[in-house]
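Now for the letters of each chain:
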Amino acid sequence: AAGVIQSPRHLIKEKRETATLKCYPIPRHDTVYWYQQGPGQDPQFLISFYEKMQSDKGSIPDRFSAQQFSDYHSELNMSSLELGDSALYFCASSEGTSGGQETQYFGPGTRLLVL
Amino acid sequence: AQKVTQAQTEISVVEKEDVTLDCVYETRDTTYYLFWYKQPPSGELVFLIRRNSFDEQNEISGRYSWNFQKSTSSFNFTITASQVVDSAVYFCALSEPKTSYDKVIFGPGTSLSVIP
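Residues numbered from 1 in each chain as written. Chains lettered and ligands numbered in written order. Predicted model: local features only at pLDDT ≥ 70, side-chain atom pairs only at ≥ 80, totals over all residues. Heavy atoms only, no water.

Caption draft 1: Quick peek at the nonpolar core. Core analysis: the biggest nonpolar cluster contains 24 residues, and Trp36, Phe75, Phe77, Tyr90 and Leu112 of chain B have the highest contact counts within it. Put simply, the parts of the chain that give this core at least two residues each are β2 (10-14), β3 (19-21), β5 (33-39), β8 (64-69), β9 (74-79), β10 (88-95) and β12 (110-115) of chain B. At 4 residues, the largest contribution of residues to this core is made by β10 of chain B. Among all residues touching Phe77 of chain B, those that are not within four sequence positions of it are Val19, Thr20, Leu21, Trp36, Leu48, Tyr64, Ser65, Trp66 and Tyr90 of chain B. Residues Leu11, Phe49, Ile60 and Tyr89 of chain A belong to the second largest nonpolar core, which totals 22 residues. (Core = buried A, V, L, I, M, F, W, Y, C linked by side-chain atoms within 4.5 Å. Buried < 20%, exposed > 50% of the residue type's maximum accessible area, 1.4 Å probe, protein only. Helix = DSSP H or I, 4+ residues; strand = E, 2+ residues; numbered from the N terminus. Contact = heavy atoms within 4.5 Å.)

Here's what the structure looks like:
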């Protein structure tokens, strides 16, 4: 079965640089979610989109922005990177409107290292 | 306050032993959903099970079983006859559509090591 695809899988950036993470949801899934998992931490919800509109927002820094495109893929843009942004970034997807009722299937994650 | 508590930070068992991972949750919503995810050393998050608040029936899937008890707000996960491939961090998680909408709230995780 097709899963959530994330690219790149690994990314190394310098402080103050910009990074773009991409997420391709499971086919027919129209809701995407972004989570950040710091070292030794549990995943923390950043933001979600349903049908290309922002659905919910969590603890996402103002330096980060995201959007969902017409083909339902999503991109997380991160600017002015800081050392503390080093983490594993997960994208998840679900079918139909969420509101927390649908199972979120996670991608393999993008491991970002900021030097 | 922690909404999902996994009191066991690390557990080590010898292969073929049974092991139970504890999860206690806290919510005021009457409708909520509970999940278990597995995170092996490779890092991906693998969905294991989803339970809604109206279904307290226990579930068994192969060597995995789950015990959901609303009276104690617990959703424990048991692995029988553990194997080395079960070594991973296991997260219990909660979604409360009314209070937290899209956000899935993860517990701190339990790191399970199965020793051959």
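Caption draft 2: Spatial organisation of the packing of aromatic side chains. Summed over all chains, the structure comprises 20 aromatic pairs over all chains. Ring geometry for Phe106 of chain A against Tyr37 of chain B: centres 5.2 Å apart, planes inclined by 85 degrees, an arrangement best described as edge-to-face. Pair noted here: Phe106 of chain A is in strand β10 (residues 105-106) and Tyr37 of chain B is in strand β5, and the two residues belong to different chains. Arranged with centres 5.3 Å apart and planes meeting at 50 degrees, the rings of Trp36 of chain B and Phe77 of chain B form a pair that is tilted. Pair noted here: Trp36 of chain B is in strand β5 and Phe77 of chain B is in strand β9, with a separation of 41 residues, a long-range link. With respect to burial, Trp36 of chain B and Phe77 of chain B carry one shared label: buried. (Phe/Tyr/Trp six-rings, centres within 6.5 Å; stacked < 30°, edge-to-face > 60°.)

Caption draft 3: The arrangement of the sheet that holds strand β7 (residues 64-68) of chain A in detail. Residue and element names in this part refer to chain A. A sheet is described by the order of its strands in space; here 4 strands give the open sequence β1-β3-β8-β7, paired in antiparallel fashion. Bordering the open sheet on either side are β1 (5-7) and β7, each of which pairs with just one other strand. Adjacent strand axes in the sheet meet at a mean angle of 15 degrees when their direction is disregarded. (Pairing = 2+ DSSP bridges. Axes fitted to C-alpha atoms, helices over the stretch in contact; angles between N-to-C directions.)

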